[in-house]
Amino acid sequence: RVSAIIQDQAGNLWFGHGDQTSGKRVTRYDGHSFTVFSAQDGLGSDRVSAILQDQAGNLWFWGMGGVSRYDGAQFEYFAAADGLIFNGIGSISQDQEGVLWFGSGMGLSRYDGHAFTTQDGLAGKWVNSICQAQGGGLWVGTQGGGVLRYDGQGFESFTTRDGLADDSVFSVLSDPQGRLWLST
């Protein structure tokens, strides 16, 4: 089962597998052949559900068990012991300043290139989606907590009381015109 897919800057397709029984964790297709990466190659997660390529070209894989960063040569593994709020499956985004954001069933973590920290105000919230808006601001879709906007200082919450159709926001997208699209 494929649970995540991206195309990297070089044109390779990367597939995250959410099925432990297949023996596959991440597969890269370069246009000619497939290469499978697993724990034997240094990949930390046994099921990968989110993939992101950061501004520096590193690939990030998140699933059950933590986050792995691939620099094109080797994997580096991060888990709750390194500052992640939770090891479980989540979403990944990068903001305009290059900070990486990791959403999970326990809240939100941020990685500034040196250390993971937990952002105040989201502990205990199930994060479904993270989106860097075209006009600035980071938007976080939660399970039952509406959508939150982070302006660099703090979070502002928007719920059904503010006009949302539902307080569970599964996906947030910012289009080229700066409009936000939410799936509830």
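Procedures and definitions
Residues numbered from 1 in each chain as written. Predicted model: local features only at pLDDT ≥ 70, side-chain atom pairs only at ≥ 80, totals over all residues. Heavy atoms only, no water. Helix = DSSP H or I, 4+ residues; strand = E, 2+ residues; numbered from the N terminus. Polar contact = N/O pair within 3.5 Å; in protein donor to acceptor, adjacent residues only side chain to side chain. Contact = heavy atoms within 4.5 Å. Pairing = 2+ DSSP bridges. Axes fitted to C-alpha atoms, helices over the stretch in contact; angles between N-to-C directions.

Enquirer: Mind showing me how you'd approach the side chain of Thr142 here?
Expert: Its place among the elements puts Thr142 in strand E14 (residues 138-142). A polar contact is formed between the side chain of Thr142 and the backbone oxygen of Gly146, at a distance of 2.7 Å. Once residues lying within four places of it in the same chain are set aside, the contact partners of Thr142 are Lys125, Trp126, Val127, Asn128, Leu148, Asp167, Ser168 and Val169.

Enquirer: Explain the side chain of Gln132 here, please?
Expert: Assignment of secondary structure puts Gln132 in strand E13 (residues 127-132). Only 3.3 Å separates the side chain of Gln132 from the backbone nitrogen of Gln96, close enough to count as a polar contact. A polar contact is formed between the side chain of Gln132 and the backbone oxygen of Gly137, at a distance of 3.2 Å. Here Gln132 is in contact with Ser93, Gln94, Asp95, Gln96, Gly137, Leu138 and Ser174, once residues within four sequence places are set aside.

Enquirer: Just checking my understanding: could you explain the sheet that holds strand E7 (residues 66-70) for this structure?
Expert: Backbone hydrogen bonds hold the strands of a sheet together, and the pairing may be parallel or antiparallel. If you walk across this open sheet you meet the 4 strands as E5-E6-E7-E8, and the pairing is antiparallel. The open sheet is flanked by strand E5 (47-53) and strand E8 (75-78), the only strands paired with a single partner. In this sheet, adjacent strand axes meet at a mean angle of 20° when their direction is disregarded. One ladder, built from 5 bridges, connects strand E6 (residues 59-64) with E7; its direction is antiparallel.

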